[in-house]
Amino acid sequence: MNEITMNDLIGLVPYAPIIAVVITVLVVMIAITINRSHMVTGTITVVGLNIALVTLLGQMTGFIESGAIAPNAEQLFVIDNFAQFNMVIVLVCALACCTLSYAYLADLKDNKEELYLLMLLSTIGALLMVSAQHMASFFMSLEMLSVPLYGLLAYTYMRNRSLESGLKYLVLSATASATLLMGMAFIYAEVGSLAFKPISMVLGNIFESPLLILGAAMMMFGIAFKLSAAPFHMWTPDVYEGAPVPIATFLASVSKVAMMALAVRFLIDTSLLALPSVQMLLMVMATLSILVGNLLAVRQTSLKRLLGYSSIAHMGYVMIVIVSIGAAADSISSMYMAVYAFTSIGAFGVVTLMSSPYRLSGEADELTHYQGLFWRRPVLTAVMTIMMLSLAGIPLTAGFITKLFAILAAVQGTNWFLAAMIILGSAIGLFYYLRVLLTLFKRPKQFIEFDVSGQWGIRTGGIMVIAVTAIILFFGILPNSMIEWASLARIW
C-alpha cells in the first residue's frame, strides 16, 4: 500500500474549496445521526459553503496559498482561472439556494435535513464539472450533480407534481447520459484518447471522420439536454413547475452554470468547434432555443413555467457567443451565465418567499397570485421588477450588459443572422416580461391566496434576495468591475 507523502498533500491545496464542501457533507451526515435539527443542519451547511468560498477567494487574490501546479493535459481536473471563476459562482448560488431552502422548509413537518445533504453532494458535482478536462471526469462529475437532483426534485413528495418532476428528470436525464456516453465511446474509438487536449492534437488527421462527427453530435445532444436547449427542452417547464421552488432555483443556477462551463471547456479544449458540422449544430440549436423559448413563454400563465421557457432562450444566447467567437468565448459565456444565475435566484427567490411546501394545491406559481402585489409588498415588487428587466436586457441592469456582449460577439464573428436572432428574441421576451410587471401593479384581488410575512425583509431568505438585487443593479450601472473579473476567466 502506497504511503501518502507531503508532496501528495501539497498537490491537494488547489482543491481545498472542494475538499471543504466534502468535509461539510461528512459533518452534516454525523450531525443528522446524532440529532435531527433543521437549524443545526442548515447552519453547518451554510458555514461549510462559506468556508469553501472564502478559501477560494483567498486563493484567487493570493491571500491563501493556492499551490503551484503545472498544467497537465492528462489530469482529470484542472484548477485554472476559468474553473475558479465558475466555482465562485457555483458556491454563491448554492449558498443562496440553501438560504432559500431554510425559509421554505421552516414549516415542513417532515425530515428536512436530507435536502441539505443532497444539495451539498450536487454542489460537489458542480464544482468538479467546472474543472473537468477529461471524458471520465466529465461523466463522473455530471452524474454526481444529476443523481442527487432526482431526490431533490421529488423532495416535497406529498405533492404529485413534485414526484412527477423527479421521475421525469430521472428518466430523461438517464437517456441523455446514455447518449452522452455513447458519443464519448465513438470519439475514443476514433481518437484514442479520453483527455480533452490530446483530442485537439489528432483532430486534424481525422477531421472529416464520420465516427468523430457522430460522436460529437451525440455528445452535443446530451449537453443540450442538460442545458435544456431546443429541441431537447421539453422536460424543462414541467420539471420547473413541479419542483420545490428552491430546487428549481438550484437547477436554474448551479446546474446551468456548471454544465455551460463544462460544455465551453470541452468544445474549446477538444477543438471540436472547428468541425463545420458542430458549428452548424450549435447554430441550429441556438436559433431553435431562442424561438421556441420565447414564443412558448408568451403563452404561459405559470411564473415557474415562464421562467423555464425563458431559460431555454437564454441558453440559446450563450450558444451564439460560443459559435461566434470560439476560443475567446470562455470569459463572455462565464459572465453571461453568472448574471443569468443571479437573476434567476432573485426571480425564483420571490416565488420561494411567497410559497409553502405544505399546500397540496401548489405554490405561488400562477401570475394571478401576484396580482396587485405592489400595493401590499412594494419592496418585494421592486425585486421582481428588477429581475424581469434584467432578464429582458433593459439598461441599468446587469442583464443588459451581458446581452450587449452577446450581440457584440455575434457581430465580431460576422454572424449577422445570429445577431438578429438575439435582437428578435429580446423583443419577444420583452412582451412576456412586461406582462409579469403589469400583473404586479394591477388592482389587488379581494381574496389573497399567497403572501409573505410582514418581516420577510429581515429574514435570511429576504436578505439574500435583496442582496442579489443590489448586485444586479450595481453591475448594471457600474459594469467595469464585472467585465474585469470575467476577463480573467480564461482556460489555460
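Residues numbered from 1 in each chain as written. Predicted model: local features only at pLDDT ≥ 70, side-chain atom pairs only at ≥ 80, totals over all residues. Heavy atoms only, no water.

Q: How would you summarise the nonpolar core if you had to cite specific residues and measurements?
A: Of all hydrophobic cores here, the largest spans 167 residues; its most connected members are F138, F266 and L282. Here this core gets 18 residues from one element, more than from any other, and that element is helix α11 (residues 245–270). For L282, the residues in contact, after removing those within four places along its chain, are M220, L267, L273, M319, I322 and V323. (Core = buried A, V, L, I, M, F, W, Y, C linked by side-chain atoms within 4.5 Å. Buried < 20%, exposed > 50% of the residue type's maximum accessible area, 1.4 Å probe, protein only. Helix = DSSP H or I, 4+ residues; strand = E, 2+ residues; numbered from the N terminus. Contact = heavy atoms within 4.5 Å.)

Q: Can you lay out the layout of surface pockets for me, pointing to particular residues and giving the numbers?
A: Here the largest pocket defines a volume of roughly 730 Å³. For the largest pocket, the lining is made up of 28 residues, of which L57, V88, I89, V92 and W485 are closest to its centre. Mapped onto the lining of the largest pocket, the elements with two or more residues apiece are α3 (38–61), α4 (81–105), α14 (329–354), α18 (460–477) and α19 (480–487). Of all the elements, α4 adds the most residues to the lining of the largest pocket, at nine residues. For the lining of the largest pocket, a count of residues per class yields 24 nonpolar, four polar and no charged. (1 Å grid on protein atoms, 1.4 Å probe; cavity = no way out; pocket = protein on both sides within 12 Å on 5 of 7 lines; lining within 4 Å. Points joined across faces, edges and corners; volume = space filled by probe spheres on them. Nonpolar A, V, L, I, M, F, W, Y, C, P; charged D, E, K, R; others polar.)

Q: Run through the packing of aromatic side chains, naming residues and quoting values.
A: The geometry of an aromatic ring pair is captured by the separation of the ring centres together with the interplanar angle, meaning the angle of the planes. This model, assessed by the stated rule, comprises 14 aromatic pairs. Seen from their ring centres, F225 and W235 are 5.2 Å apart, and the 40° between their planes marks the pair as tilted. Separated by 10 residues along the polypeptide, F225 in helix α9 (residues 210–227) and W235 in helix α10 (residues 235–242) bring together distant segments of the chain. Taking the relative accessible area as the measure of exposure, W235 reaches 4% and is therefore buried. Ring geometry for F474 versus F475: centroids 5.4 Å apart, planes at 65°, classification edge-to-face. Overall, the relative accessible area of 14% leaves F475 in the buried class. Following the ring pairs from residue to residue traces out a cluster consisting of Y150, Y169, F225 and W235. (Phe/Tyr/Trp six-rings, centres within 6.5 Å; stacked < 30°, edge-to-face > 60°.)

Q: So what's going on with the packing of helix α13 (residues 303–325) against helix α17 (residues 416–440)? Which residues, and what values?
A: Where α13 contacts α17, the axes come no closer than 11 Å and their chain directions differ by 160°. The orientation of α13 relative to α17 falls into the category roughly antiparallel. Every pair of crossing elements has a handedness; the one defined by α13 and α17 is left-handed. Residue-level contacts link L303, L306, S310, H314, Y317, I320, V323 and S324 of α13 to L418, I422, G425, S426, Y432, Y433, R435 and V436 of α17. Its residues assigned to classes, the contact of α13 with α17 comprises 10 nonpolar, five polar and one charged. (Axes fitted to C-alpha atoms, helices over the stretch in contact; angles between N-to-C directions. Parallel < 35°, antiparallel > 145°, perpendicular 65-115°, else oblique. Left-handed = near helix turned anticlockwise from the far one by under 90°.)

Q: How would you explain the pattern of salt bridges if you had to name every residue and give the values?
A: Two side chains bearing opposite charge may form a pair once their charged atoms approach each other closely. In the structure shown here, the tally under the stated rule is 10 salt bridges. For R36, the salt bridge is made with E114, and the minimal N-O distance between the two is 2.5 Å. With R36 in the loop between α2 (16–34) and α3 and E114 in helix α5 (residues 113–129), the pair connects residues that are 78 residues apart, well separated along the chain. The partner of K168 in a salt bridge is D238, and the shortest N-O contact between them spans 2.9 Å. Of this pair, K168 sits in helix α7 (residues 160–191) while D238 sits in helix α10; the two residues are 70 residues apart in sequence, bridging distant segments of the chain. What makes K168 partly exposed here is its relative accessible area of 27%. By relative accessible area, D238 is classed as partly exposed at 26%. (Salt bridge = Lys/Arg side-chain N within 4 Å of Asp/Glu carboxyl O.)

Q: Which residues make up empty space enclosed by the protein, and what are the values?
A: All told, the structure shown has six cavities of 30 Å³ or more when counted by the stated rule. Here the largest cavity is characterised by a volume of approximately 60 Å³. In terms of lining residues, the largest cavity is bounded by H314, Y336, V339, Y340, T343, S390, L391, G399, T402 and K403. Of all elements in the fold, only α14, α15 (378–392) and α16 (398–412) reach the threshold of two or more residues within the lining of the largest cavity. A per-element tally of the lining of the largest cavity places α14 first, with four residues.

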